[in-house]
Amino acid sequence: MPRTLLAASIGLVFGTGIALSGMANPAKVLNFFDIAGAWDPSLAFVMGGALIVTAIGYRFVLRRDKPVCEAKFHLPTNRKLDVQLVNGSAIFGIGWGISGFCPGGAIPALGLGEISAWAFVGAMLVGIFAARTLRLALDQRVTQTA
Amino acid sequence: MTEFTPLLSLLGGTLIGLSAVLLMAFHGRIAGMTGILTSLLPPVSSDWAWRAAFIAGAILAPMLILGLTSQAIDYSSPVPAPWIVIGGLIVGVGVYFGSGCTSGHGVCGMARLSPRSIVATAIFLGTAMITVFVIRRLLGGV
């Protein structure tokens, strides 16, 4: 399964980046948000570095006809700025500010064996599952009544 | 206080970017943690194997760093346990309805200049800063 093994290696690169950058450390993340207090601007360098590499890399990669292991690129096609995007993002930011964890930071933090990271990820998965179940149920009701 | 680490953070960010480029080059996918996790929850996507492998690699990374370099990764969670759980629930609901988080919108989407991702990133960075300001400066911290 080279395709799966390859994904594991890419995940390893991602997790190494998160761990070295400080994104897996809630105290550092919260201090980045604390502009009026113990401000630690490090995370601006994480976002900046990641953005520059991705923006340049995507230019080359997306010029090709298809990815190496797949028939086509899977790119989001929704271009609408809707209420759900705005509200969801606002809610995410509140939870991020409370806990100091975002999903990409919390998953590699699991490898540190810290109970707080496991508690966060458990609760986050419950949150995603509940939101998705609600969404799917509502969609089904709309289809039934239509 | 946490130490300002511009070089290490820049190096980490570069690796995060590299992983996003590689996942697009080989699998044709956005390296967004929200999307990857959501597809692994029931109803599980039929194309789950690469996602589970990506997560496994990400969890293994800090162990490998510790094992190979005996360099401990800084970690400190100053937030009381109940608030970590409440924060986790809120993050889960938010990223689902917002269709992404820091990796998907903040890195991959922004790199593609997606208007949705630019708006989402501005909003979640903004509300996170406001939340920390309210908790630490107005309420005196939890």
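Residues numbered from 1 in each chain as written. Chains lettered and ligands numbered in written order. Predicted model: local features only at pLDDT ≥ 70, side-chain atom pairs only at ≥ 80, totals over all residues. Heavy atoms only, no water.

## Focus on the overall build of chain A
- Looking only at helices and strands, chain A has six helices and zero strands in total.
- Mapped from its N terminus to its C terminus, chain A presents α and β elements in the order α-α-α-α-α-α.
- Dimensions of chain A, computed from the C-alpha atoms along their principal axes, are close to 55 × 40 × 30 Å.
- A total of 146 residues make up chain A; the buried ones form 49% of that total.
- Entry remark: accessible area of chain A is about 6,700 Å², with carbon and sulfur atoms responsible for 68%. (Helix = DSSP H or I, 4+ residues; strand = E, 2+ residues; numbered from the N terminus. Buried < 20%, exposed > 50% of the residue type's maximum accessible area, 1.4 Å probe, protein only. Areas by Shrake-Rupley, 256 points an atom, 1.4 Å probe, with all protein chains shown as cover.)

## Side note on the pattern of salt bridges
- By the definition in use, this model includes eight salt bridges over all chains.
- Between glutamate 70 of chain A and arginine 3 of chain A there is a salt bridge, and its shortest N-O distance comes to 2.5 Å. One end of the pair, glutamate 70 of chain A, is in the loop between helix 3 (42–61) and helix 4 (83–99); the other, arginine 3 of chain A, is in helix 1 (residues 2–21), with 67 residues separating them in the sequence.
- Of the residues examined, arginine 3 of chain A reaches a relative accessible area of 22% and is grouped as partly exposed.
- Arginine 29 of chain B is the salt-bridge partner of aspartate 47 of chain B, the closest N and O atoms lying 3.3 Å from each other. (Salt bridge = Lys/Arg side-chain N within 4 Å of Asp/Glu carboxyl O.)

## Points about the domain arrangement of chain B
All names here are of chain B.
- What the domain assignment reports for chain B is domain 1 (1–76) and domain 2 (78–142).
- Of the roughly 660 Å² buried where domain 1 meets domain 2, counting both sides, 74% is carbon and sulfur surface.
- Remark: the boundary between domain 1 and domain 2 carries zero salt bridges.
- Here domain 1 and domain 2 share one residue pair in polar contact (both at pLDDT 80 or more) between them.
- Sorting elements by how many residues they give to the side of domain 1 that touches domain 2 places helix 2 (residues 33–40) first, with three residues.
- Classifying every residue of the side of domain 1 that touches domain 2 gives four nonpolar, four polar and no charged. (Domains from an automatic or database assignment. Buried area = accessible area lost by both parts, 1.4 Å probe. Polar contact = N/O pair within 3.5 Å; in protein donor to acceptor, adjacent residues only side chain to side chain. Nonpolar A, V, L, I, M, F, W, Y, C, P; charged D, E, K, R; others polar.)

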